[in-house]
Amino acid sequence: MDDIALFPLHTVLFPGGLLPLRIFETRYVDMIGACMRQDVSFGVVLIGEGDESSAQVKFAAVGTAARIVDFQSQPDGLLGLLCRGERRFRVQQRRQQGDGLNRATVEWLEDAPLTPLHAQYQPLVEVLRKVMARLANIARFIEPNYEDASWVSHRLAELLPLEGAWQQRLLEIDDPNVRLALLAPLIETGRPAAG
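A. Region of interest: unusual backbone geometry. Although it is not a glycine, Asp39 adopts a positive phi angle of roughly 55°. Assignment of secondary structure puts Asp39 in the loop between α1 (26-38) and β3 (42-49). On the accessibility criterion, Asp39 (57% relative accessible area) is exposed.

Spelled out as structure tokens, the structure:
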């Protein structure tokens, strides 16, 4: 178990996914500075109630560690970041610092080993390849693995226009082929699978 800083957001970050952020609150500027100095990640968790600036915010118990891969000052003076999702974690115990920054003791969740895609999901790979080709401006930060069911299912889950609660449900699934079974009907029909 490790102690990490948390950044509650109205978005779900998946392992291997990219998350652009604009930072302006002092507690998060300080958090980012500490992460960069110590070369550590911070945790992104989906907000259930409240918002990013709330002192008291309810958030999901499962999140993803985010590592800063690029940063620059924005014309408006804010700090612009690009983060990549790493490992998933489960919050065991949370606390709040005096400056309002949330921290948590987390248990790291096991990543699925490299999992080949079932043959029935191969058409999803072609859909994903077409979408990824349009993301050329951020391609250098993406490490594609179209043979791995985890990577494919995570990219589809973040790219489809799903509600946060649905994305959270997909993040919490350990088996990537189960995740793909839920995603496939969305691509085929545009509606979530029952269940």
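B. Representation of the side chain of Asp148 within the structure. On the secondary structure map, Asp148 appears in the loop between α2 (122-133) and α3 (149-159). We note that Asp148 is buried and unpaired, the nearest opposite charge coming from Arg155 at a distance of 7.9 Å. Those residues in contact with Asp148, other than ones at most four positions away along the chain, are Pro113, Leu114, Thr115 and Leu117.

C. Seen up close, α1. A rise of 1.5 Å per residue sets the reference length of α1, with its 13 residues, at 18 Å; its end C-alpha atoms lie 18 Å apart and thus fit the reference within 8%. Along its buried surface, α1 packs onto β1 (2-9), β2 (18-23), β3, β5 (62-73) and β6 (79-96). Phi turns positive one or two residues past the end of α1, at Asp39, with a value near 55°.

D. Quick look at a nonpolar patch on the surface. Together, Val127, Val131 and Leu159 make up an exposed nonpolar region whose accessible area comes to about 190 Å². Relative to the assigned elements, Val131 resides in helix α2. Relative accessible area serves as the criterion here: at 31%, Val131 is assigned to the partly exposed category.

E. How the structure looks around α2. An ideal rise of 1.5 Å per residue puts 16 Å on 12 residues; α2 measures up with 17 Å between its terminal C-alpha atoms. Residues of α2 that are buried include every one of Leu124, Val125, Leu128 and Met132, and no others. Each buried residue of α2 lies within a common arc of 100° when the element is viewed along its axis, so the set occupies one face. Turned more than 90 degrees off the buried face of α2, the exposed positions are Pro123, Lys130 and Ala133.

F. A look at the packing of aromatic side chains. Enumeration according to the criterion identifies four aromatic pairs in this entry. Judged by centre distance (6.0 Å) and plane angle (85°), the rings of Phe89 and Trp108 are edge-to-face. Remark: Trp108 occurs in strand β7 (residues 102-108) and Phe89 occurs in strand β6; sequence separation between them is 19 residues. Residue classification places Phe89 among the buried residues on the basis of a relative accessible area of 0%.

G. Inspection of the pattern of salt bridges at higher detail. On inspection of all chains with the given rule, the structure shows nine salt bridges. Between Glu25 and Arg27 there is a salt bridge; the shortest N-O distance is 3.0 Å. Through salt bridges with shared partners, a single ionic network connects Asp3, Arg95 and Arg103.

H. Expanded view of the nonpolar core. If you look at the biggest cluster of nonpolar residues, it comprises 33 residues, and the most contacted ones within it are Val152, Leu170, Leu180 and Leu183. For this core, the secondary structure elements donating two or more residues are α2, α3, α4 (164-171) and α5 (176-189). Counting 18 residues, the second largest nonpolar core, distinct from the first, contains Leu13, Leu19, Ile32 and Leu101.

I. Representation of the environment of Val45. In this fold, Val45 is placed in strand β3. Sequence-wise, Val45 and Gln122 are 77 residues apart; in three dimensions their C-alpha atoms are separated by 30 Å. Once you skip the residues sitting within four places of it in the chain, Val45 turns out to touch Leu6, Phe7, Pro8, Leu9, Thr11, Phe59, Ala60, Gly63 and Phe89.

J. Here's a closer look at the pairing of β6. Here β2 pairs with β6 via six bridges, running antiparallel. Counted as the bridge partner of Pro20 is Leu82 from β6. In textbook terms, the turn of a hairpin is the stretch between consecutive antiparallel strands, and for β5 and β6 this stretch comprises five residues, one of which, Gly77, has a positive phi near 90°. As judged from the seven bridges shared by β6 and β7, these two strands associate in the antiparallel manner. Looking at β7, one finds that Gln96 is bridged to Asn102. Turn length for the β6-β7 hairpin, with the two strands adjacent in sequence and antiparallel, is five residues, and the turn residue Gly100 shows positive phi of about 95°.

Cut-offs used in this document
- In this numbering scheme, every chain counts its residues from 1 along its sequence in written order.
- In keeping with the predicted nature of the model, local features appear solely for residues at pLDDT of at least 70, side-chain atom pairs appear and are counted solely at 80 or more, and the whole-chain, interface and lining totals rest on all residues.
- The side-chain quantities take in all heavy atoms of the structure and omit both hydrogens and water.
- For the purposes of this entry, the term helix denotes a DSSP run of H or I that reaches at least four residues, the term strand denotes a run of E that reaches at least two, and both are numbered from the N terminus.
- Relative accessibility decides the category of a residue: with a 1.4 Å probe and only protein chains considered, values under 20% of the type maximum give buried, values over 50% give exposed, and everything between is partly exposed.
- Charge counting treats Lys and Arg as positive and Asp and Glu as negative, with His and both chain ends excluded.
- The rule for a salt bridge is simple: a side-chain nitrogen of Lys or Arg has to be within 4 Å of a carboxyl oxygen of Asp or Glu.
- Any two residues having at least one pair of non-hydrogen atoms within 4.5 Å are treated as being in contact.
- Expected span of a helix, by definition, is 1.5 Å for each gap between consecutive residues, and there is one gap fewer than residues.
- Each patch is assembled from residues with relative accessible area greater than 30% and no salt bridge, linking like charges that lie within 9 Å and nonpolar side chains (Val, Leu, Ile, Met, Phe, Trp, Tyr) that lie within 5 Å.
- Per-residue and other accessible areas were derived by the Shrake-Rupley procedure at a 1.4 Å probe size, with only the shown protein chains allowed to occlude residues.
- Note that the arc is computed from the directions linking the helix axis to the C-beta atoms.
- Aromatic pairing here means that ring centres of Phe, Tyr or Trp (its six-membered ring) are within 6.5 Å. Orientation follows from the plane angle: under 30 degrees is stacked, over 60 is edge-to-face, and everything else is tilted.
- What we call a nonpolar core is a set of buried Ala, Val, Leu, Ile, Met, Phe, Trp, Tyr and Cys residues that are connected through their side-chain atoms within 4.5 Å.
- Two strands qualify as a pair provided DSSP detects at least 2 bridges between them.

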